[in-house]
4 protein chains.
Amino acid sequence: MTPSPERRRELLGVAAEVFAAQGYNATTVRKIADAAGMLAGSLYYHFDSKESMLDEILATFLDELWAGYDAVLAAGLGPRETIEALVTESFREIDRHHAAVAIYQKESRHLSVQPRFTYLADSQRKFEKAWLGTLERGVADGVFRADLDIRLTYRFVRDTVWVAASWYRPGGLHSPEEIARQYLSMVLDGIALGERTP
Amino acid sequence: MTPSPERRRELLGVAAEVFAAQGYNATTVRKIADAAGMLAGSLYYHFDSKESMLDEILATFLDELWAGYDAVLAAGLGPRETIEALVTESFREIDRHHAAVAIYQKESRHLSVQPRFTYLADSQRKFEKAWLGTLERGVADGVFRADLDIRLTYRFVRDTVWVAASWYRPGGLHSPEEIARQYLSMVLDGIALGERTP
Amino acid sequence: MTPSPERRRELLGVAAEVFAAQGYNATTVRKIADAAGMLAGSLYYHFDSKESMLDEILATFLDELWAGYDAVLAAGLGPRETIEALVTESFREIDRHHAAVAIYQKESRHLSVQPRFTYLADSQRKFEKAWLGTLERGVADGVFRADLDIRLTYRFVRDTVWVAASWYRPGGLHSPEEIARQYLSMVLDGIALGERTP
Amino acid sequence: MTPSPERRRELLGVAAEVFAAQGYNATTVRKIADAAGMLAGSLYYHFDSKESMLDEILATFLDELWAGYDAVLAAGLGPRETIEALVTESFREIDRHHAAVAIYQKESRHLSVQPRFTYLADSQRKFEKAWLGTLERGVADGVFRADLDIRLTYRFVRDTVWVAASWYRPGGLHSPEEIARQYLSMVLDGIALGERTP
DNA sequence: TATGAATGAGTGTTCATTCAT
DNA sequence: TATGAATGAACACTCATTCAT
């Protein structure tokens, strides 16, 4: 009568992988069941609906993401160090939850309008506040350039980091930390050599 | 046999908008028809299938994109100038075809394995060759940094530009050229102020 | 405003051919229009509906068939000669209206229950009366065998003749009259050689 | 993966009945489901498609038919006895599979061109070889008439037997064996009384 | 816990038919 | 007379979900 939480977690892992690979809409409950070695109807012993699986996958991911982010933001670092820590933390999350991140990337926009998924929009707002605030603080402190549209900069950094989930595969050539290092180097210093264009 | 091309183009515009907003799979033919002010079945007077609409949208976009890219690549510019021109051209395409670009972004990965859409994979290979080649030339010429993983750099620049389609709306605050200018400035010189980290 | 009867006849010929080749249900109005070199909607200038084309094809055929049959039946021939004349006349109709006959063969059973096509059932009853009556007369006169179930004999002769429409092609090896001659020879005398089995 | 074979057989029986009565094309999946007391979609738990139902019905019938025919052909009977045995076997098959036979009759011509149903054409060729060969042997042995076009004779016997499926209903007045006896008597000896026409 | 069999709403698509031009 | 464009009902099929076992 009460399904074991471990089995749930296992099944959610399977579901996340399939959602990420095929897209939520294109994923049938049967495909998930196949991948889990059971019949479609059997999943309903563990979960209320396909949507509730998606819900749980995203919510779990966001919980962990914010645990990491909140720790960084509470550490009282300078703006540049905060950005560096957030980017590194982000790549670590992509490494740990790459399926969930891929799903989030593809589906969050149209999900966030549904009542069940308002927490996605909430998270996004909180996210924007943290990053945009840090960037603004950096501009004020003179560590980030002041000649750029700050919202454009925000989107640039945000997208740059998270789209990486679309090609990132855990266990690849570079560790999340190494990728973070190189990305930060590009974002902060640019890819051009020599004098900066004035 | 080939009903009025203008009407087709109109309807494809409507379809692209809906595909971009809701995702291809989540878009029903009835939604497209609703948006076009007609009945679902009526679309089949103009198109063979939902898939053929998608096909035509993507193929038209890629044709125009490559017309622009090929012109840039044939101009004999230096690596930095080539990158600048390609990025600018890309933002122009995002401006002109923002729906098609958004669709491409979301769907190309799983579409490119279907026989009908092999041209997506072809385009992607050609794309990678052009960008990666230019970056390599730039490293050899000493205009781009040599201390970065070149494929990581490629992905960074590529994604950075094209994800912009997810938030870009034509007629917004900045022109495509202005966005390109700021993006190039960030990508080439970084967002940090002061001495570059050695 | 009043479509010319000649064009109608032309188009009915085309329609009959397609109905016969593909079956009525499997024949789309568009296929008929294609075969006639026009667009589907244009047929509706000449005919009320797809069904009315079928109706006119079958009714025309049955009218001609009964003109021939009635002439035979009115001739006052003996039973054997009547059967011979009916069979010969039938093969001539198959030759002249092979498409209509093929359609009749395939569709009459399920059509005859529809109010519009009650004349099919009427014709069939009249048909049965003429043939069965002639056979009974023949049995009474001692020219046909009395040891057979008469209804079975009727079905045997009837089917034997009309199924030929399924393989008969006008302008083939044998003339309708020659086929009739051989069929009558088989039906009347059997295909076996030597003494009849007692 | 393979749901209960008994239920499948039940449902195929229902489907065959409806196909036979209304024609394959005119039969909607809904009608079959109605006749089976379930909803249209539920059929797809048991079968891949409407076409696969048809396929299984026809293939099962032909398998059984050829089991019977092959036994007859392997028995080493004389030509006349072979024909008698084949006709009797045919009426038994019509009795056992009257729906499948009716479907075969109506649909095989246009189905046999589809790749999925090539076995229909194969069967037809094998069928023709067996019957035509036996008839030719009979003519050579002097037990069948030599003055008839042999292909015409073949078509005559073949059609004569199989069209019976269009009116035959199991449990009727005559057993299949009795019908076979009378049909054979007509086919072999003719329906006329007295001296044969020279 | 999982299965087998079903439901019912919805999906892409077809097609006879209509009608202004 | 014929076309081009549309309608609307129906169709084969899919799929999330249910439930007795």
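Residues numbered from 1 in each chain as written. Chains lettered and ligands numbered in written order. Predicted model: local features only at pLDDT ≥ 70, side-chain atom pairs only at ≥ 80, totals over all residues. Heavy atoms only, no water.

**Regarding the overall build of chain A**
Rules: Think of it this way: any DSSP run of H or I at least four residues long counts as a helix, any run of E at least two long counts as a strand, and we number them from the N terminus. Exposure classes here rest on a 1.4 Å probe applied to the protein chains alone. A residue is buried below 20% of its type maximum, exposed above 50%, and partly exposed in between. Note on contacts: a residue pair is in contact if any heavy atoms of the two residues lie within 4.5 Å.
Within chain A, the regular secondary structure consists of nine helices and zero strands. Along chain A, helices (α) and strands (β) appear in the sequence α-α-α-α-α-α-α-α-α when read from the amino end. Dimensions of chain A, computed from the C-alpha atoms along their principal axes, are close to 65 × 35 × 30 Å. The burial tally for chain A puts 50% of its 198 residues in the buried class. Sequence-distant contacts in chain A: of pairs separated by 6 or more residues, those separated by 24 or more amount to 67%.

**Side note on the environment of B:Gly68**
With respect to the helices, strands and loops of the structure, B:Gly68 is situated in helix H4 (residues 50-73). Taking the C-alpha atoms as reference points, B:Gly68 and B:Ser175, separated by 107 residues in sequence, lie 18 Å from one another.

**Remarks on the protein's contact with DNA strand F**
Rule in force here: If even one non-hydrogen atom of a residue comes within 4 Å of a molecule or strand, that residue is called near it. Contacts described as polar in this section are N or O atom pairs within 3.5 Å, which, within protein, must combine one atom able to donate a hydrogen with one able to accept it, while residues neighboring in sequence count only if both atoms come from side chains. In this classification, Asp, Glu, Lys and Arg are treated as charged, Ala, Val, Leu, Ile, Met, Phe, Trp, Tyr, Cys and Pro as nonpolar, and every other residue, Gly included, as polar.
Around DNA strand F there are 32 residues in total, and A:Val29, B:Ser42, B:His46, C:Ser42 and D:Tyr44 lie nearest to it. Counting only the atoms of DNA strand F that lie within 4 Å of the protein, the sugar and phosphate share comes to 73%. Within the contact set of DNA strand F, a phosphate oxygen lies 2.7 Å away from a side-chain nitrogen or oxygen of A:Tyr44. Listed by contribution, the elements that provide at least two residues to the surface near DNA strand F are helix H3 (43-46) of chain B together with helix H3 (43-46) of chain C. When the residues that make up the surface near DNA strand F are grouped by side-chain class, the tally is 11 nonpolar, 16 polar and five charged.

**Observations regarding the UniProt feature "DNA-binding region" (unreviewed entry) in chain A**
To keep things clear, this is the line we draw: UniProt positions are given in the numbering used here, feature names are shortened, and annotations may be inferred rather than shown by experiment.
With numbering matched to this structure, UniProt assigns "DNA-binding region" (unreviewed entry) to residues 28-47 of chain A. For residues 28-47 of chain A, the end-to-end C-alpha separation is 14 Å, with 60% helix and 0% strand making up the annotated structure.

**A closer look at the protein's contact with DNA strand E**
The environment of DNA strand E is made up of 32 residues, and the closest members are A:Ser42, B:Tyr44, C:Val29, C:Tyr44 and D:His46. In the interface set of DNA strand E, defined as its atoms within 4 Å of the protein, sugar plus phosphate atoms amount to 70%. Measuring from a phosphate oxygen of DNA strand E, one finds a side-chain N or O atom of A:His46 at 2.7 Å. Take C:Lys50: an N or O atom from its main chain is 2.7 Å from a phosphate oxygen of DNA strand E.

**Digging into helix H7 (residues 118-140) of chain B**
Residue and element names in this part refer to chain B. Defined as follows: In this scheme, a helix's expected span is set at 1.5 Å multiplied by one less than its residue total.
Spanning 23 residues, H7 covers 33 Å between terminal C-alpha atoms, matching the ideal 33 Å at 1.5 Å per step. Of the positions making up H7, those classed as buried are Leu-120, Ala-121, Ser-123, Phe-127, Ala-130, Trp-131, Leu-132, Thr-134, Leu-135 and Gly-138. Of the surrounding elements, those touching the buried residues of H7 are H4, helix H5 (79-96), helix H6 (98-111) and helix H8 (150-162).

**Some points on the relation of the copies chain B and chain A**
Which entries qualify depends on this criterion: Overlaid copies result from least-squares superposition on C-alpha atoms, with residues included only where pLDDT is at least 70 in both.
If you rotate chain B by 179° and push it 0.1 Å along the axis, it lands on chain A with an RMSD of 0.2 Å. On this basis, the relationship between the two copies can be described by a two-fold rotation axis. Across chain B, the smallest distance between a C-alpha and the rotation axis is recorded for B:Gly190, namely 1.9 Å. Comparing contact sets, 100% of the residues at the interface of chain B also lie at the interface in chain A, consistent with an isologous, same-surface contact.

**So, the arrangement of the chains**
Chain A makes no contact with chain C; the smallest distance between any of their C-alpha atoms is 33 Å. No part of chain B reaches chain D; the closest C-alpha pair between them is 20 Å apart.

**Looking at the packing of aromatic side chains**
In plain terms, the rule: Only Phe, Tyr and Trp rings are paired, with Trp represented by its six-membered ring, and only when their centres lie within 6.5 Å; those with planes under 30 degrees apart are stacked, over 60 edge-to-face, the remainder tilted. The criterion is that NZ of a Lys, or CZ of an Arg, lies within 6 Å of the ring centre and within 35 degrees of the ring normal, and then a charge sits over that ring.
Going through the model one piece at a time under the given rule, you end up with 46 aromatic pairs over all chains. Arranged with centres 6.1 Å apart and planes meeting at 75°, the rings of A:Phe156 and B:Phe156 form a pair that is edge-to-face. In this pair, A:Phe156 is assigned in helix H8 (residues 150-162) and B:Phe156 in helix H8, connecting two distinct chains. The exposure class of A:Phe156 is buried, given its relative accessible area of 1%. One aromatic cluster in this structure is built from A:Phe61, A:Trp66, A:Tyr69, A:Tyr104, A:Phe127, A:Trp131 and A:Trp162. The ring of B:Tyr24 carries B:Lys50 above its face, with NZ or CZ at 4.4 Å from the centroid.

**Topic: the UniProt feature "domain: HTH tetR-type" (unreviewed entry) in chain A**
Annotation from UniProt places "domain: HTH tetR-type" (unreviewed entry) at residues 5-65 of chain A. Helix makes up 75% of residues 5-65 of chain A and strand makes up 0%, while its end C-alpha atoms are separated by 21 Å.

**Observations regarding the packing of helix H5 (residues 79-96) of chain D against helix H7 (residues 118-140) of chain D**
Residues and elements named next belong to chain D. In plain terms, the rule: Lines fitted to C-alpha atoms define the axes here, with helix axes fitted over just the stretch in contact, and angles between the N-to-C directions of these axes take values from 0 to 180 degrees. Note that the term roughly parallel is reserved for angles under 35 degrees, roughly antiparallel for angles over 145, roughly perpendicular for angles of 65 to 115, and oblique for everything else. Handedness of a crossing follows from how the near helix is turned relative to the far one, being left-handed for an anticlockwise turn of less than a right angle and right-handed for a clockwise one.
In contact at an axis separation of 8 Å, H5 and H7 are set at 150° when each is read in the N-to-C sense. When the axes of H5 and H7 are compared, the pair comes out roughly antiparallel. Judged by the twist between their axes, the crossing of H5 over H7 is left-handed. Of the residues in H7, those in contact with Pro-79, Thr-82, Ile-83, Leu-86, Val-87 and Ser-90 of H5 are Trp-131, Thr-134, Leu-135, Arg-137 and Gly-138. In terms of residue class, the contact of H5 with H7 is made up of six nonpolar, four polar and one charged.

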